[in-house]
Amino acid sequence: MATEVPVPEAIQTLIANLETHRNLITTLSTITKTLTEHFNSVEKTLSTRANSLDVSLQTLESDTHQALQSLDEREASIPNTEAAAAVDLQSRRDAIVAEIESQTAPACTDVRTDLSWICRRMDASTLWRYCSENRREIYAIRQDITGALEEALDPARLVVDSIDDFVSSEVERDTENCWIFAMMLRQLYDKEVASCVREKAAEVALKWRMRFGERMTREIEGDGEGEPGRPEGQLFLTMVGVFQAQTRFEKEYLEKVFLIHGKRREVAKYAHVLGVTDKVGEVVAKMANAGKEIEAIYVAHEAGMLEQISPADLLKSYLQKAKEKANAFLKAGKGSAASVESANNLENNCFKAVIKCVETCKLESKFNIVNIKRKVAINEREREEKKKFAALNPYGKGFVPPNGPPKGKRSGPTAVYPPAPYPNGSGARRFGDYGSYKGSGSNYGAQSSYYGRGSYPY
């Protein structure tokens with residue numbers, strides 16, 4: 001029987017040390033392999049980036065060379081351009097000087113020609129008087145005033161001087177002339193204006209306040225909270241906003257005037273300049289309470305305050321009120337064909353107003369108008385089909401008058417009958433799958449032809 005030979009303790013310790021060293025060598029080998037792979041990867045990345053940098057430097061050098069070459073060409077053409085500009089400027093100067101010295105208006109009576117002649121002469125007094133005397137040509141003036149002001153030496157000074165001359169004069173019916181200056185001021189929006197002209201505009205605004213201050217701070221008698229206010233206040237806020245003269249007036253006064261006259265889109269866009277953004281919400285609330293939800297959304301949009309209101313709720317309220325108004329038309333008309341048509345036209349116009357508002361103010365993410373567009377398209381298609389049917393067959397196939405054929409007329413398929421009010425001869429329009437009116441003297445089917453089944457299209 002073999003006996004186990006005891007292993008000395010020294011040998012066991014030696015074996016343990018050898019095992020530790022073997023594990024250490026294995027770990028070092030793994031780390032060395034990992035580092036080698038990492039450095040190889042870094043080397044490849046650096047090489048790729050170096051090549052990309054070389055390509056970018058070559059491209060930059062090529063672009064720089066082309067830019068320098070283009071600058072050299074433009075620099076070489078500067079003398080010729082200056083000479084041509086000098087010749088053109090001299091010719092225009094001679095023409096304007098000759099025109100001014102002549103003291104006679106051009107023979108042509110075209111609005112654009114007259115406005116251009118007045119603006120080139122910087123004749124502030126004649127400018128607003130000409131527009132006032134030719135207010136019947138308002139569409140032509142609105143179309144041509146922009147180009148005419150661009151021909152003036154200093155359009156901003158011309159407008160300011162024109163308003164100053166108006167304020168200083170004792171002209172009658174001064175309210176009717178405010179549209180002239182509002183139209184001119186809109187052309188100066190976001191335009192660079194000299195500091196001296198701004199100072200002059202601030203002084204003119206002070207004169208305007210002295211003359212029309214009582215009107216600007218007084219609500220219009222008999223009008224609701226949704227009314228836009230008097231034109232004097234609107235023009236005052238526009239003038240202060242365009243020329244950034246808000247520092248010349250008390251903030252409380254500007255807020256008071258804005259609360260009355262800030263219901264115009266043209267005025268609302270100056271809310272930030274005037275420093276009255278905290279009053280936009282109050283103006284929007286007044287307009288919404290007065291049933292002007294669409295205009296309220298436009299005002300908030302122009303003032304950049306859409307995030308502080310709930311456009312979707314306002315649009316839903318607008319559609320609900322439109323439905324109630326349509327039902328009121330039907331009830332007042334006792335369900336007649338005319339009342340049905342009026343109610344449908346009212347709702348269709350409201351739908352179109354909502355679509356335009358949502359698209360203009362970029363509210364597609366907050367209010368879905370897909371169903372509304374579909375219902376408007378269905379209504380327009382039905383209307384066109386009705387017109388085509390009436391043109392092709394005014395009597396309707398198989399139509400028999402409720403009271404029988406007229407006297408003296410023979411019956412049958414060739415008989416002549418009065419035109420049927422509707423293609424089906426029932427005396428009322430059929431709305432298909434989107435609601436219908438049945439019978440006479442009944443309600444509107446508890447729904448409109450566009451809402452369908454009494455539900456909202458959103």
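Before going into details, it helps to say that this report is about the structure given with it.

Points about unusual backbone geometry
Line of reasoning, step 1. Phi angles above zero are rare outside glycine, and Gln-244 is one such case at about 50°.
Line of reasoning, step 2. Note that Gln-244 resides in the loop between helix H8 (231–242) and helix H9 (251–261).
Line of reasoning, step 3. A relative accessible area of 47% places Gln-244 in the partly exposed class.
Line of reasoning, step 4. Of note in the backbone geometry, Lys-362 takes a positive phi value of approximately 60° without being a glycine.

Brief notes about the pattern of salt bridges
Line of reasoning, step 1. The tally for this structure, following the rule as stated, stands at 14 salt bridges.
Line of reasoning, step 2. Across the salt bridge formed by Glu-19 and Arg-22, the nearest N and O atoms sit 2.4 Å from each other. Of this pair, Glu-19 and Arg-22 are both found in helix H1 (residues 9–102), 3 residues apart, which corresponds to roughly one turn of the helix.

Regarding the side chain of Ser-162
Line of reasoning, step 1. Mapping Ser-162 onto the fold places it in helix H5 (residues 155–168).
Line of reasoning, step 2. Taking the relative accessible area as the measure of exposure, Ser-162 reaches 0% and is therefore buried.

Remarks on the environment of Asp-114
Line of reasoning, step 1. Within the secondary structure, Asp-114 is located in helix H2 (residues 111–120).
Line of reasoning, step 2. Put simply, Asp-114 and Asp-144 are 30 residues apart on the chain and 10.0 Å apart in space, counted from C-alpha to C-alpha.

Thoughts on the packing of aromatic side chains
Line of reasoning, step 1. Following the criterion strictly, the structure yields 8 aromatic pairs and no others.
Line of reasoning, step 2. Seen from their ring centres, Phe-166 and Trp-208 are 5.9 Å apart, and the 35° between their planes marks the pair as tilted. Of this pair, Phe-166 sits in helix H5 while Trp-208 is found in helix H7 (residues 195–216), placing the two residues 42 residues apart along the sequence.
Line of reasoning, step 3. Judged by relative accessible area, which is 0%, Trp-208 ranks as buried.
Line of reasoning, step 4. Measuring from ring centre to ring centre gives 4.6 Å for Trp-208 and Phe-212, while their planes differ by 50°; the resulting arrangement is tilted. In this pair, Trp-208 and Phe-212 both sit in helix H7, 4 residues apart, roughly one turn of the helix.
Line of reasoning, step 5. Here Arg-265 stacks its cationic end above the ring of Tyr-298, 3.7 Å away from the centre of that ring.
Line of reasoning, step 6. If you follow Lys-269 out to its NZ or CZ, it ends over the ring of Tyr-189, 4.2 Å from the centre.

Looking at the nonpolar core
Line of reasoning, step 1. Counting residues in hydrophobic clusters, the biggest one holds 98 residues, and the most contacted among them are Trp-208, Phe-236 and Phe-243.
Line of reasoning, step 2. Among all residues touching Phe-236, those that are not within four sequence positions of it are Ala-205, Trp-208, Arg-209, Met-216, Phe-249, Tyr-253, Leu-254 and Val-257.

A closer look at the layout of surface pockets
Line of reasoning, step 1. Size it by volume and the second largest pocket reaches roughly 260 Å³.
Line of reasoning, step 2. Examining the composition of the lining of the second largest pocket, we find that 6 residues originate from one element, H1, more than from any other.
Line of reasoning, step 3. Grouping the amino acids of the lining of the second largest pocket by side-chain chemistry returns 7 nonpolar, no polar and 5 charged.

Reading guide: rules and limits
Residues numbered from 1 in each chain as written. Predicted model: local features only at pLDDT ≥ 70, side-chain atom pairs only at ≥ 80, totals over all residues. Heavy atoms only, no water. Helix = DSSP H or I, 4+ residues; strand = E, 2+ residues; numbered from the N terminus. Buried < 20%, exposed > 50% of the residue type's maximum accessible area, 1.4 Å probe, protein only. Salt bridge = Lys/Arg side-chain N within 4 Å of Asp/Glu carboxyl O. Phe/Tyr/Trp six-rings, centres within 6.5 Å; stacked < 30°, edge-to-face > 60°. Lys NZ or Arg CZ within 6 Å of the ring centre and 35° of its normal. Core = buried A, V, L, I, M, F, W, Y, C linked by side-chain atoms within 4.5 Å. Contact = heavy atoms within 4.5 Å. 1 Å grid on protein atoms, 1.4 Å probe; cavity = no way out; pocket = protein on both sides within 12 Å on 5 of 7 lines; lining within 4 Å. Points joined across faces, edges and corners; volume = space filled by probe spheres on them. Nonpolar A, V, L, I, M, F, W, Y, C, P; charged D, E, K, R; others polar.

Honestly, that's just the spatial picture; any functional story needs more than this.
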